[in-house]
Amino acid sequence: MVKGLRKRKSEGVENELSNELNSEVEKNGNVTGDEEEDFLQTLDDDAIGDSSDADEGIDQTFHSGDSDSGNSGSSELEFESGDEQLSDNENIIKDYAKNTNNDTDEDSINEAEIEDISTSDEDGVEDSEDKKQEAIISKKLQKTKKSAKKNNQKLEDVQPSTSALCRSKVSVLQEFGKELKTSPKSKEGKNFLKKFQIDKKYENSDTSDEEDIRNTVGNIPMHWYDEYKHLGYDWDAKKIIKPPKGDQIDDFLRKIEDPNFWRTVKDPQTGQEVVLTDADIELIKRINSSRIPNPDHDEYEPWIDWFTREVEKMPIKNVPDHKRSFLPSVSEKKKVGRMVHALKMGWMKTTEELEKERKAKRGPKFYMLWETDTGREAMRRVHDPVSAPKRDLPGHAESYNPPPEYLFDEREEREWLKLKEEPHKRKLHFMPQKYKSLREVPAYPRYLRERFLRCLDLYLCPRARRVKLNIDAEYLIPKLPSPKDLQPFPTVQSMIYEGHKDLVRRISVEPKGEYMVSGSDDKTVKIWEIATGRCIRTIETEDVVRSVAWCPNPKLSIIAVASGNRLLLINPKVGDKMLIKKTDELLSEAPQLDEMENERIKTAVQWSTADAKEQEKGVRLILVHFKVIRQVTWHGRGDYFATVMPEGANRSALIHQLSKRRSQIPFNKSKGFIQCVLFHPIKPCFFVATQHNIRIYDLVKQELIKKLLTNSKWISGMCIHPKGDNLLVSTFDKKMLWFDLDLSTKPYQTMRLHKGAVRNVAFHLRYPLFASASDDQSVIVSHGMVYNDLLQNPLIVPLKKLQTHEKRDVFGVLDVVWHPVQPWVFSSGADCTVRLYT
């Protein structure tokens, strides 16, 4: 019976709503029957969707069918939820309540209440309760009719449209749901009234303390609620449900249709959309343009002079003077006493005394510069004066007719002329000459110069007595270990490699230590067997060979030869046959280049394959440079090598890659007259030695790391220690410089062991030894121990001087190289020979 009553109630509510809508349509006259059916269908769909959202977790089924009562457009809806059934009236009330406020689940009807209503048949609820509900619904319908009439009166002023009519119907239904919610008897109505009062309270608030803080979670990251269906809790500790999110199509339609879309922002606390006013937008624009947010504030308003500039005639205070102001000043008394004392001591002079001194200075004044022959000079106010030294008396060499033994012979004259740039090292500052008589002696050309220097010595000479310190030489010179304790090192000449017809500039040893290659000015490259001294192969080139370098990679058999402006990559065909074959296969296949080289590199160097005639000699690849090559050096892994052309300006140094057959120019600007380059054995660093300094570059970061200051006139060569922390530099001004790269940019020690220009230096790969070659025909072997302890300085001890080369013109020993395994050293000289010391 209750079920039939609920069905009749729901049919009555639907009939009343449909009749009300039909009356509204008839008044407006612009809505067709199809539009009306669509609108009703949307209302039904919304009610169904909302009820499904509200009753989440309950399985629901819908049964729809046409009634036989004859009422067009009416339908029966039954909600099945297990054994319980919800009446249509309850669903309508719940749908309207959710349409009005879908922010919270607490504002909708609870599931417990639905269960109470649905189980009324089982609990024996009387029909009087249903009658009461029917009376409440009829009252609400009367109110909605009144509000609908008001809305229709407003719509008549504007041109009616289908969408406007639909919106008016929705508003009517929403007001109906609101009124149902705000009934004083229901719990939901009380909550709504309380919330409405809070909203009214903060409606006109404009301070941060009185803000409408609906979300009470505080200042926390809102992404903590991403996995939940609510954003936080309101003042009543109820969940704030997230507003429904539309897809991209909805956002696009809102962007097209809503004129306020561009000024709409989303509140992260409540998830609601807030439309910015014109005042808010103007405030944001002023803040973004770095202006004062308040437009009424005038920052250039006229200055108000609060304090007057005029001096008042009447004093501010009229306190009588203190007694001490009438007493004599103590500070002035002390000052006058100091002046009187200065007058007594003669430090301060009167006007008469100053005038006498001025008259005395106007006249000529003569005095002796040094002691006279008769008595000591009286010098006032000088404590323990030092007399100026006199010149030495002339000797027999300065006579116009000196004895024959004082005259220079050819050798002494040549040595005297050789020291022209260093005249302080000459024994005599003149060359003795002999004349028959005094009349034949010409005027001395350096007379005025020597008199001038003598005057400078007299008044610039420091006149002070110095106490001589008695210090033994043992305390000044550090104690060095005996050479016997530092063995092994080469001491004797073991073998001479003869065969070149001109001076041998460079030599290089194979990584295994079995063969050696040498390049000479006779335009030939010779490959020697170290153990026997036999010349295995001679390769002729077209120009002078200035540099040779054997590839340090033991898996390749390649020699880089710098001949004129060509760099030849030669397979010497010595050693393992499989290694020779593998090297030929590697050099025969040309890799494909993905990137095209620019014109700057093409004009500097060009790669090419050797022709058949040069292939027979062993030449495999030829790199033609635009200037003469002075040096070639390999990287430790054997894939990269660098060439130096001192006359190439900003393209003096080039780096080549063998595997890809490409070249690159590391510098865009000329850093100086480049002499030689070197690769770091461990780190990706590149050493570039100019005429005066050495620069260290990082090849990965492509930046300058350090600049070493040599303080020398001309750098000839350099070599790096196998550990990579110390650098040895040779110079043409007879010096060797040892640099500790971790310590300073200045030399740790400067060694002057040679009497001529130092041509080259070399470190041994295994032993703590290094050697230097000089134009004084000598090779000096030294002990250079580098410790792992960073606090301990390197130990440098000269060991042996090997002097067996012959001198040609001004050249002596040109190059020095160590054996990779044994403590043997090779040297090449201007006497066309290569010598081995063991």
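Residues numbered from 1 in each chain as written. Predicted model: local features only at pLDDT ≥ 70, side-chain atom pairs only at ≥ 80, totals over all residues. Heavy atoms only, no water.

### Section: the overall build of the protein chain
The following threshold applies: Helical segments are the DSSP runs of H or I of at least four residues, strand segments are the runs of E of at least two, and each set is numbered from the N terminus. Each residue gets one of three labels from its accessible area relative to the maximum for its type: buried under 20%, exposed over 50%, partly exposed in between, using a 1.4 Å probe on protein chains only. For the area figures, the Shrake-Rupley method with a 1.4 Å probe applies, and any residue is considered shielded solely by the protein chains shown.
In terms of regular secondary structure, the protein chain is built from 18 helices and 36 strands. In the protein chain, buried positions account for 35% of the 838 residues. Approximately 56,000 Å² of the protein chain is accessible, and the part contributed by carbon and sulfur atoms is 52%.

### Comments concerning the sheet that holds strand β14 (residues 559-563)
Counted only if it meets this: Here, strands pair whenever DSSP counts at least two bridges between them. Helix axes are fitted only over the stretch in contact, all axes being lines through C-alpha atoms; the angle between N-to-C directions runs from 0 to 180 degrees.
With antiparallel pairing, the 5 strands of this open sheet are ordered in space as β13-β14-β15-β17-β16. Since the sheet does not close on itself, it has two edges, and those belong to β13 (545-550) and β16 (605-609), each with one partner. On average, each strand axis in the sheet is inclined to that of its neighbour by 20 degrees, with strand direction left out of account. Pairing analysis gives 5 bridges linking β13 to β14, with the strands arranged antiparallel. Considered in β14, the bridge of Ser-547 is made with Ala-562.

### Looking at the packing of aromatic side chains
Selection criterion: Centres within 6.5 Å are what make two rings of Phe, Tyr or Trp a pair, Trp counting through its six-membered ring; a difference in plane orientation under 30 degrees is then read as stacked, over 60 as edge-to-face, and the rest as tilted. Whether a charge sits over a ring comes down to the Lys NZ or Arg CZ being within 6 Å of the ring centre and within 35 degrees of the ring normal.
Evaluation of the coordinates by the stated rule reveals 12 aromatic pairs. An aromatic cluster is present here, built from Tyr-497, Trp-528 and Phe-826 joined pairwise through their rings. Above the ring of Trp-416, the side-chain terminus of Arg-426 is found at 3.8 Å from the ring centroid. Sitting above the plane of the Phe-626 ring, Arg-651 keeps its charged end 4.5 Å from the centroid.

### Focus on the pattern of salt bridges
Spelled out, the test is: We count a salt bridge whenever a side-chain nitrogen from Lys or Arg sits within 4 Å of a carboxyl oxygen from Asp or Glu.
With the rule as written, the count across this model stands at 14 salt bridges. Among the ionic pairs, Glu-355 bridges to Arg-358, the shortest N-O distance being 3.0 Å. Pair noted here: Glu-355 and Arg-358 are both in helix α12 (residues 351-362), with a separation of 3 residues, about one helical turn. The partly exposed category is assigned to Glu-355, whose relative accessible area is 33%. Since its relative accessible area comes to 44%, Arg-358 is described here as partly exposed. Where Asp-521 meets Arg-505, a salt bridge forms, and the shortest distance between an N and an O atom there is 2.5 Å. Taken together, the positions of Asp-521 in the loop between β10 (515-520) and β11 (524-529) and Arg-505 in strand β9 (residues 504-509) put the pair 16 residues apart, joining distant regions of the chain. A relative accessible area of 31% means that Arg-505 is categorised as partly exposed.

### Some details on a negative patch on the surface
We apply this condition: Patch criteria: residues need more than 30% relative accessible area and no salt bridge. Like-charged residues are merged within 9 Å; nonpolar side chains of Val, Leu, Ile, Met, Phe, Trp and Tyr are merged within 5 Å. Under this rule, positive means Lys or Arg and negative means Asp or Glu; His and the chain ends count for nothing. Here the site of a charge means NZ on Lys, CZ on Arg, CG on Asp, or CD on Glu.
On the surface, Asp-409, Glu-410, Glu-412 and Glu-413 cluster together to form a negatively charged patch. Residue placement: Glu-410 occurs in helix α13 (residues 410-418).

### Comments concerning the nonpolar core
Threshold: Note on terminology: a nonpolar core comprises buried Ala, Val, Leu, Ile, Met, Phe, Trp, Tyr and Cys residues joined through side-chain atoms within 4.5 Å. Note on contacts: a residue pair qualifies if any of its non-hydrogen atoms lie within 4.5 Å across the two residues.
Membership of the largest hydrophobic core comes to 22 residues, with the highest contact counts inside it found for Ile-558, Leu-567, Leu-569, Val-632, Trp-634, Phe-641 and Leu-658. Ignoring sequence-local partners within four residues, the contact set of Leu-658 consists of Ile-558, Leu-569, Leu-587, Trp-607, Leu-621, Gly-638, Asp-639 and Phe-641.

### Observations regarding a nonpolar patch on the surface
A cluster of nonpolar side chains, contributed by Met-339, Leu-343, Met-345, Trp-347 and Met-348, occupies part of the molecular surface with about 530 Å² of accessible area. Inspection of the secondary structure puts Met-348 in the loop between α11 (330-345) and α12.

### What about the sheet that holds strand β18 (residues 631-634)?
Taken in spatial order, the 4 strands of this open sheet run β18-β19-β20-β21, and their pairing is antiparallel. On the outer flanks of this sheet lie β18 and β21 (662-664), each paired with one strand and no other. Going from strand to strand, the sheet's axes swing by 25 degrees on average, the running direction of each strand aside.

### Examining the environment of Met-751
Residue position: Met-751 is located in strand β29 (residues 749-751). Sequence separation between Met-751 and Pro-798 is 47 residues; the distance between their C-alpha atoms is 9.7 Å. Not counting the four nearest positions on each side in its chain, Met-751 is found in contact with Leu-728, Lys-734, Lys-735, Met-736, Trp-738, Phe-770 and Ile-796.

### A few points about the environment of Arg-263
Within the fold, Arg-263 resides in the loop between α9 (248-257) and β6 (264-266). Excluding residues within four positions of it along the chain, Arg-263 makes contact with Val-274, Val-275, Leu-276, Thr-277, Asp-278 and Ile-281.

### Some details on the pairing of strand β4 (residues 230-233)
Looking at chain direction, β4 and strand β5 (residues 239-241) are connected through 3 bridges and run antiparallel. In the sheet register, Tyr-233 faces β5, and the bridge partner there is Lys-239.

### Examining unusual backbone geometry
Residues other than glycine predominantly adopt negative phi, and peptide bonds predominantly adopt the trans conformation. Across the junction of Gln-487 and Pro-488, the peptide omega takes the value 10 degrees, indicating a cis bond. Looking at the element boundaries, Pro-488 is found in the loop between α15 (473-476) and β8 (493-498). You will see that Gln-702, though not glycine, has its phi angle at about 55 degrees, which is positive. Position of Gln-702 among the secondary structure elements: in the loop between β24 (693-698) and β25 (703-709). The phi torsion at Gln-777 lies on the positive side, around 70 degrees, for a residue other than glycine. If you trace the backbone, Gln-777 turns up in the loop between β31 (769-774) and β32 (779-785). Take Gln-777: its relative accessible area is 21%, and that puts it in the partly exposed class.

### Some words on the pairing of strand β23 (residues 685-689)
Counting buried residues along β23, 5 of its 5 residues qualify, which places the element largely inside the surrounding structure. By the alternation rule, side chains of β23 split into Cys-685, Phe-687 and Ala-689 and Phe-686 and Val-688, which are all buried. Summarising the sheet, strand β22 (residues 676-679) and β23 pair through 4 bridges and their orientation is antiparallel. Bridge pairing in β23 places Phe-679 opposite Phe-686.

### Quick look at the confidence of the model for the protein chain
Worth spelling out the cut-off: Values of pLDDT, which run from 0 to 100, indicate the predictor's confidence residue by residue.
The predicted model of the protein chain has a mean per-residue pLDDT of 77, with 71% of residues at 70 or higher. In this model, residues 180-190 is a region of pLDDT below 50 whose contacts with residues beyond four sequence positions or in other chains number 22 contacts. A low-confidence stretch, residues 192-203 stays under pLDDT 50, and its non-local contacts, those more than four residues away or across chains, total 9 contacts.

### Digging into the side chain of Ser-663
Cut-off, in case you're wondering: Polar contact is the term for a pair of N or O atoms within 3.5 Å; when the atoms are in protein, one must be able to donate a hydrogen and the other to accept it, and sequence-neighboring residues count only if both atoms are side-chain atoms.
Looking at the secondary structure, you find Ser-663 in strand β21. By relative accessible area, which is 6% here, Ser-663 ends up buried. Within the local environment of Ser-663, its side chain forms a polar contact with the side chain of Trp-607, the two groups lying 2.9 Å apart. A polar contact of 2.7 Å, which involves the side chain of Ser-663, links it to the side chain of His-656. If near-sequence neighbours (up to four positions away) are discounted, Ser-663 is found in contact with Glu-597, Ile-601, Val-605, Trp-607, Ile-655 and His-656.

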